[in-house]
Amino acid sequence: MSLPAAPKNDAPIPLLDLRGEWSAIGAEIRSALDGVFSSQHWILGPEGQALEREIAQLCGVPCAVGVASGTDALMLSLHAAGVGAGDDVIIPAFTFVATASAVSALGARPVFADIEPETFAIDPAGIEQGLTPRTRAIIPVHLFGLSAEMDPILALGARRGIAVIEDNAQSLAAKYRGRATGSLGAFGCVSFYPSKILGAYGDAGMILTASQSAAERLRALRNHGETTRYISTERGWNSRLDEIQAAVLRVKLRHLAQWTAARQRVARAYDSLLSGLPGIRTPKGREGCEHVYSVYTIRVEGGSERRDRVRQHLAGRGISSVVYYPVPLHLQPLYAAAGVKRGALPHSERAADEVLSLPIYPGLTEAQIERVANALKEAVGS
Ligand SMILES: *Cc1c(COP(=O)(O)O)cnc(C)c1O
């Protein structure tokens, strides 16, 4: 892969820099787009179908259905699983708001479960506590590139007849005990938002499923409920993945394995440079699982003030960082009316106060990684 000239020693380091990617594959992308322009086929065409086959193969599932976004993937999956008004859906309190808003959009109620203290993933024991007679689905989120602890969740779902829908927006091609995330539950929801592990040049998403009949229904749901052109058998949505995005994604998919390996190398370098820094904890893995590091998130122990000071110090050295996510969902104004108080989900609350995500992308150089690590060392005074 040809990379741009090494940046100057004091040049700002962004959280994510896709310019290296563009200079490596721009010509391939332009030529794929030319193909779409000459075909004049814009929606539900051969590029989208090919992408569905390729993502299904990547994840080891029989079926994949392209949709307009990761949020829509969640919403359509929930609907296909029978979730509607009056139902409860258990989700982690520490995730991006879209996991919850997809539930709310259907008139169902998100029930927030706490996370495991080490991995940021939903705690299977927290799910048990959140069960009600109205629980219809569970959405484990594979956050930051690492799988949730799926076996107990799948067992619970099977035992209670509750659908497990994986929010795999952040962890495409990560592994849980040898199997791809997104291939384990009834549905796996992928986002191709530009900053995700496989990013479109706009919005796009996909649903993975082992069920041919569910896939067929989803194809109708994403297109106004049409089973035949202009014949609708149920109310659906307009949620399609267009040919331009599919063409871009197919080019990028050919490079995904190499880019993921590069991210993993960046993570290893951070792990070793940051190990032992006082009050800093590097991200944990999970036994038998492959982490794809869509995000590299450390903990700055000691609360949000210390974390925010560290972030300020990095900014002063030209280094971008971000807090994914500063407010757990039960404390969001959006869900205040549910009345879940601070203190109820302590691991989620603590994560929100301590997390800090550092720059990570395939073209990040060793010198840049060292600059980030050195700035962190200064910030914690060691
Ligand atoms: C990005 C994201 C989504 C939503 O995906 P969009 O494609 O932006 O709609 C859902 N859940 C999580 C965890 C995400 O990170």
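Calculation rules
Residues numbered from 1 in each chain as written. Predicted model: local features only at pLDDT ≥ 70, side-chain atom pairs only at ≥ 80, totals over all residues. Heavy atoms only, no water. Phe/Tyr/Trp six-rings, centres within 6.5 Å; stacked < 30°, edge-to-face > 60°. Buried < 20%, exposed > 50% of the residue type's maximum accessible area, 1.4 Å probe, protein only. Helix = DSSP H or I, 4+ residues; strand = E, 2+ residues; numbered from the N terminus. Lys NZ or Arg CZ within 6 Å of the ring centre and 35° of its normal. Axes fitted to C-alpha atoms, helices over the stretch in contact; angles between N-to-C directions. Parallel < 35°, antiparallel > 145°, perpendicular 65-115°, else oblique. Left-handed = near helix turned anticlockwise from the far one by under 90°. Contact = heavy atoms within 4.5 Å. Nonpolar A, V, L, I, M, F, W, Y, C, P; charged D, E, K, R; others polar. Pairing = 2+ DSSP bridges. 1 Å grid on protein atoms, 1.4 Å probe; cavity = no way out; pocket = protein on both sides within 12 Å on 5 of 7 lines; lining within 4 Å. Points joined across faces, edges and corners; volume = space filled by probe spheres on them. Polar contact = N/O pair within 3.5 Å; in protein donor to acceptor, adjacent residues only side chain to side chain.

> How do you make sense of the packing of aromatic side chains when you look at a structure like this?
For any pair of aromatic rings, the description rests on two quantities: the centre-to-centre distance and the angle between the ring planes. What the rule picks out here adds up to 11 aromatic pairs. Geometrically, the ring pair formed by Phe37 and Trp42 is tilted, given 6.3 Å between the ring centres and 50° between the ring planes. Relative accessible area serves as the criterion here: at 38%, Phe37 is assigned to the partly exposed category. Residue classification places Trp42 among the partly exposed positions, given a relative accessible area of 36%. Where Phe94 meets Phe120, the ring centres are 5.8 Å apart and the plane angle is 35°; that geometry is what we call tilted. Within this pair, whereas Phe94 is found in the loop between β2 (88–92) and α4 (98–105), its partner Phe120 is found in the loop between β3 (109–113) and α5 (124–130), the two being separated by 26 residues in sequence. What makes Phe120 buried here is its relative accessible area of 6%. In this arrangement the basic side chain of Arg235 is found over the ring face of Trp237, its NZ or CZ atom lying 4.9 Å from the centre.

> Is there a simple way to explain the packing of helix α3 (residues 70–80) against helix α7 (residues 212–221) in this structure?
Geometry of a packed helix pair, given as the angle between the helix axes and the separation of the axes. Their axes nearest at 10 Å, the elements α3 and α7 cross at an angle of 120°. By the criterion of interaxial angle, the relationship of α3 to α7 is oblique. α7 is crossed by α3, and the crossing has right-handed handedness. Of the residues in α7, those in contact with Leu76, Ser77, His79 and Ala80 of α3 are Arg217, Leu218 and Leu221. Of the residues assigned to the contact of α3 with α7, the class counts are four nonpolar, two polar and one charged.

> Is there a simple way to think about the sheet that holds strand β14 (residues 296–300) in this case?
Strand pairing in a sheet relies on backbone hydrogen bonds. The paired strands run either parallel or antiparallel. The strand order across the open sheet formed by three strands is β12-β14-β15, and the pairing between neighbours is antiparallel. The sheet is open, and its two edges are formed by β12 (280–281) and β15 (355–358), each paired on a single side. Pairing geometry for β14 and β15, over four bridges, is antiparallel. Along β15, the bridge assignment pairs Arg299 with Val355. The sheet strands contacting helix α9 (residues 256–274) are β14 and β15, and the helix crosses β14 at an angle near 20°. Running over the sheet, helix α10 (residues 304–316) touches β14 and β15 and is turned about 20° from β15.

> Just to check I follow, could you spell out the layout of surface pockets for this structure?
Rolling a probe over the atoms, with the probe sized like a water molecule, indicates the empty space that remains. By volume, the largest pocket amounts to about 540 Å³. In terms of lining residues, the largest pocket is bounded by 31 residues, among which Gln170, Tyr193, Ser195, Lys196 and Tyr325 are the most central. Going through the elements one at a time, α3, α4, β8 (187–191) and β15 are the ones with two or more residues in the lining of the largest pocket. Residues of the lining of the largest pocket, tallied by class, amount to 17 nonpolar, 10 polar and four charged.

> Which parts of the structure should I look at to understand helix α8 (residues 243–253)?
Along an α-helix, a turn takes 3.6 residues, which lines up residues three or four apart on a common side. Most of α8 is tucked away, with nine of its 11 residues classed as buried. Glu243, Gln245, Ala246, Ala247, Val248, Leu249, Val251, Lys252 and Leu253 are the residues of α8 that are buried. You can read the cap of α8 off the contacts: a side-chain oxygen lies 3.0 Å from the backbone nitrogen of Ile244, and it is on Asp242.

> Looking at this structure, I do not really get the packing of α10 against helix α12 (residues 366–379). What am I missing?
Following both chains from N to C, one finds α10 and α12 inclined at 130°, their axes separated by 9 Å at the closest point. When the axes of α10 and α12 are compared, the pair comes out oblique. Here α10 and α12 pass one another in a crossing that is right-handed. Between α10 and α12, the residues in contact are Val310, His313 and Leu314 and Val372, Ala375, Leu376, Glu378 and Ala379, respectively. Among the residues making up the contact of α10 with α12, the classes are represented as six nonpolar, one polar and one charged.

> What is the right way to look at the sheet that holds strand β6 (residues 175–176) in this model?
Within the open sheet, the three strands sit side by side as β7-β6-β13. Their pairing is antiparallel. Whereas interior strands pair on both sides, the edge strands pair on one side only; in this sheet they are β7 (179–180) and β13 (289–290). As judged from the two bridges shared by β6 and β7, these two strands associate in the antiparallel manner. Residue pairing in the sheet places Lys175 in a bridge with Ala180 of β7.

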